[in-house]
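Coordinates in review
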Amino acid sequence: MYRLSAIPLVVLAGLQPVVAECTTEAFAAISKSHTELTINFVEAVLQNGSFGQAETDIPFPTNATKLPALCSVGINVKSSENSSYNFGLFLPDTTWNGKFMATGNGGFGGGINWPDMGILSQYGFATMSTDTGHSSDIADGSWGLDAPERVIDWGHRAMHGSVLFAKEIITSYYASPDGIKYSYYAGCSTGGRQGLKEIQTYPDSFDGIIVGAPAWWTVHLAANTLQLGLYNRPDSAPSHIDPSIFPAIVAEVTKQCDPQDGLVDGIINDPYGCNFNFEALLCTPSSDPTSCLTPAQLATMVKFYNPWIDVNQTYVFPSMALGTDPSFSLGADLTPLGFDLFKYWVYNNSDWDYTKFTFNDVLFADSINPGNATADNFDLSPSNERGSKILMYHGAADSLIPTGSSLYFYQQVLQTLIPQGVTTDDFYRFFLIPGMNHCSGSDLAPWYIGSASQAVDGVTHSVPGYEDADHDIILALTKWVEEGKAPDQIIATKFVNDTATLGIERQRPLCPYPKQAQYISGDPDQSESWQCRTLY
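If you're wondering where the values come from, they're calculated on a predicted model, not measured in any experiment.

This part takes up helix H10 (residues 359-368). Among the residues of H10, those classed as buried are Phe359, Asp361, Val362 and Ala365. One side of H10 holds all its buried residues, which, seen down the axis, span an arc of 150°. Opposite the packed face of H10, turned more than 90 degrees from it, sit the exposed residues Asn360 and Ser367. Residues of H10 that are buried sit in contact with helix H5 (218-231), strand E10 (308-310), strand E11 (314-317) and helix H9 (336-346). Looking at the residues trailing H10, positive phi occurs at Asn369, about 50°.

Below is the structure:
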């Protein structure tokens, strides 16, 4: 695709024309003042085309598809003497809306998130993602062995540098006299942490961010993941629960907690408000031992569903929500998401024995804070002062990052800002999504809100038939930032078999915490049958 700046492009109202060429030479000229930048590639993508690096992009093995016509760009940035990172750009040809949207990563993985960039480009955004300096599986932290600069890139440096360079390049590429109108971010898990870390450190980076299930407490999250796994070890211990019993445990929790929200539908609406009788899980002389627990096993489940409190009543990490499936945390295999951080980033010892893990390891890791990744600055007043908006959400059945971690973060923000006289609801709103697992997915509950790291078969972006701020969190954020209309609810959608072409199974409003969706009357699968209400 060849573009001549002397020939004006005809574009729709509100959209911006391209004035530079989609060529390596053009981007080399744009970035010539930055000697640390190298142009990896520039490629024009035709309407309905696809792009990605599926063969080498380990955590994102599928390409972005059904794209608008755009220019794809890959750039390398030298970040230290022995580290560098890459970032990618999707720059729409004639559909650019004058706005910028960055997205994030997952776990310890690097890789450029071309799939989410593709989804976000459908709205007209110029989009960006960084590989954080490496390409690896989301559960593989071995790339950080004796490589503190690479861990810093992953922790925060790659995201911030990519945001700065992306904005400069986008502004030059489109040569818009007003520059970028608005800058946004959307990410989940590590992506959520990246967004929080960026605005905590550089509040001017974004006008609004969407933060899903953020892995914000880096060391403590890894420690908790490891600790949960060790609760169910060794297999020979009296406290060990065989994974075959997990479905019976979840069924009993659902049996008790589901009715307490006023409607029996298989969905636990308020897991942290459930008055759960753990002793109902105990075996009796006539019980089937494959569907109940001994007292020692029950102690393991009590630990699983409660916060981790350690030496001197130190609060180490929040709890899993009642009803969360224990299979990931207590299953047959311990995940490296728990021990790789300690093995490779803290002790730099591939032979470190995680079975000897104690709270002292947490304290030592805290003193190092690998990559300065933890996003625990709860004073978000700089974002409020500049008018930025924050939408946070978390699945209430998240088996990877305990739902309680976002609830704890929210509470810490309120405890920090309310004494300052800040009305947090004016710029920061948190939504629990009942029944949703990590970032996406549920067998029964409405979960799809068109966010990053969410995908439904047959959907390029947004919510088919409901492409509005009431159902789509991307549009809810832009409406709040640009029109000042905050979302009082976001309607989540559950498609039949998570396939849009099969139709909608149910919809339900999500409410800004601490409000909850209360069933009023009518068809419970219709959002109109529910209202967001306070509990007092």
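Bringing the state of the cysteines into the picture now. One pass over the full model with this rule turns up five disulfides. Disulfide pairing places Cys257 opposite Cys274 at an S-S distance of 2.0 Å. Here the S-S torsion is close to -80°, and the disulfide linking Cys257 with Cys274 is therefore left-handed. Taken together, the residues span a long stretch of sequence, with Cys257 in helix H6 (residues 246-257) and Cys274 in the loop between H6 and helix H7 (295-304) at a distance of 17 residues. Residue Cys257 shares its accessibility class with Cys274, and that shared class is buried. Residue Cys283 pairs covalently with Cys292 via a disulfide, S to S 1.9 Å.

Below, the discussion takes up the pairing of strand E7 (residues 126-130). Across the five residues of E7, five count as buried, placing the element largely inside the fold. On E7, burial covers both faces: Ala126, Met128 and Thr130 on one face and Thr127 and Ser129 on the other are all buried. Pairing analysis gives four bridges linking strand E5 (residues 83-92) to E7, with the strands arranged antiparallel. Bridge pairing in E7 places Phe90 opposite Thr127. Inspection of the sheet shows strand E6 (residues 99-103) paired to E7 by three bridges, in the parallel sense. Paired with Phe100 across the two strands is Ala126, which belongs to E7. Handedness of the crossover joining E6 and E7 through helix H2 (residues 114-121) is recorded here as right-handed.

Read from one edge to the other, the open sheet built from nine strands follows the order E1-E4-E5-E7-E6-E8-E9-E12-E13, with strand pairing classed as mixed. Single-partner strands in this sheet number two, and they are strand E1 (37-45) and strand E13 (428-433). Strand-to-strand twist across the sheet, computed as the mean angle between neighbouring axes with direction ignored, equals 15°. Where strand E12 (residues 389-395) and E13 come together, six bridges link them in parallel fashion. Considered in E13, the bridge of Gly395 is made with Ile433. Along the sheet face, helix H3 (residues 148-174) touches E1, strand E4 (70-80), E5, E6, E7 and strand E8 (182-188) and points at about 35° away from the line of E5. In the packing of helix H4 (residues 190-201) onto the sheet, contacts are made with E8, strand E9 (208-212) and E12, and the angle to E8 comes to roughly 140°.

Let us look at the pairing of E6. Of all the five residues making up E6, five are buried; the element is thus mostly covered by neighbouring parts of the structure. Burial along E6 is two-sided: the residues Lys99, Met101 and Thr103 and Phe100 and Ala102 are all buried. Summarising the sheet, E6 and E8 pair through five bridges and their orientation is parallel. Paired with Lys99 across the bridge in E8 is Tyr182.

This part is about the nonpolar core. Counting residues in each nonpolar core, the largest one holds 59 residues, and the members touching the most others are Phe27, Leu91 and Ile170. The element that contributes the greatest number of residues to this core is H3, accounting for nine residues. Apart from residues lying up to four places away in sequence, Leu91 is in contact with Phe27, Leu70, Cys71, Val73, Ala126, Ile170, Tyr173 and Tyr174. One finds Phe246, Phe304, Leu341 and Trp345 within the second-largest nonpolar core, a separate group that totals 47 residues.

Let's shift gears to unusual backbone geometry. Note that the residue after Arg233, namely Pro234, is joined by a cis bond; omega there is -10°. For the bond running from Tyr513 to Pro514, omega is 15°, close enough to zero to count as cis. When you line up the elements, Pro514 lands in the loop between strand E15 (504-510) and strand E16 (516-519). If you check the backbone angles, Lys66 has positive phi at about 50° while not being a glycine. With respect to the helices, strands and loops of the structure, Lys66 is situated in strand E3 (residues 64-67). On the basis of relative accessible area, Lys66 is assigned to the exposed category, the value being 51%.

The subject of this paragraph is the pattern of salt bridges. All told, the structure shown has 13 salt bridges when counted by the stated rule. Ionic pairing is found between Glu149 and Arg157, a salt bridge with its closest N-O pair at 2.8 Å. For Arg157, a relative accessible area of 22% gives the class partly exposed. With its nearest N and O atoms 2.9 Å apart, the salt bridge here joins Asp265 to Arg508.

Moving on: the packing of H3 against H4. The geometry of H3 relative to H4 is characterised by a closest axis approach of 10 Å and an angle of 70° between their N-to-C directions. The orientation of H3 with respect to H4, classified from their angle, is roughly perpendicular. The two elements H3 and H4 meet at a crossing, and its hand is right-handed. Every residue of H4 that contacts H3 at Trp154, Gly155, His156, Met159, His160 and Val163 is listed here: Thr190, Arg193, Gln194, Lys197 and Glu198. Of the residues that constitute the contact of H3 with H4, the class distribution is three nonpolar, five polar and three charged.

The next thing to look at is the packing of aromatic side chains. All told, the structure shown has 41 aromatic pairs when counted by the stated rule. Ring centres of Tyr347 and Phe364 lie 5.4 Å apart, and the angle between their planes is 15°; this geometry places the pair in the stacked category. Here Phe364 lies in helix H10 and Tyr347 lies in the loop between H9 and H10, a separation of 17 residues in the sequence. A residue is classified by how much of its surface remains accessible, and Tyr347, at 27% relative accessible area, is partly exposed. Taking relative accessible area as the criterion, Phe364 reaches 37% and is therefore assigned partly exposed. The structure contains a cluster of three or more aromatic residues connected by ring pairs, namely Trp216, Trp217, Tyr315, Phe317, Phe378, Tyr408 and Phe409. Lying across the ring of Trp154, Arg193 places its NZ or CZ 4.4 Å from the centre. It is Arg429 that lies over the ring of Trp480; its NZ or CZ is 5.5 Å from the centre.

Definitions and cut-offs
Residues numbered from 1 in each chain as written. Predicted model: local features only at pLDDT ≥ 70, side-chain atom pairs only at ≥ 80, totals over all residues. Heavy atoms only, no water. Buried < 20%, exposed > 50% of the residue type's maximum accessible area, 1.4 Å probe, protein only. Helix = DSSP H or I, 4+ residues; strand = E, 2+ residues; numbered from the N terminus. Arc of directions from axis to C-beta. Contact = heavy atoms within 4.5 Å. Disulfide = S-S within 2.5 Å. Pairing = 2+ DSSP bridges. Right-handed = clockwise from strand over helix to strand, strands pointing away. Axes fitted to C-alpha atoms, helices over the stretch in contact; angles between N-to-C directions. Core = buried A, V, L, I, M, F, W, Y, C linked by side-chain atoms within 4.5 Å. Salt bridge = Lys/Arg side-chain N within 4 Å of Asp/Glu carboxyl O. Parallel < 35°, antiparallel > 145°, perpendicular 65-115°, else oblique. Left-handed = near helix turned anticlockwise from the far one by under 90°. Nonpolar A, V, L, I, M, F, W, Y, C, P; charged D, E, K, R; others polar. Phe/Tyr/Trp six-rings, centres within 6.5 Å; stacked < 30°, edge-to-face > 60°. Lys NZ or Arg CZ within 6 Å of the ring centre and 35° of its normal.

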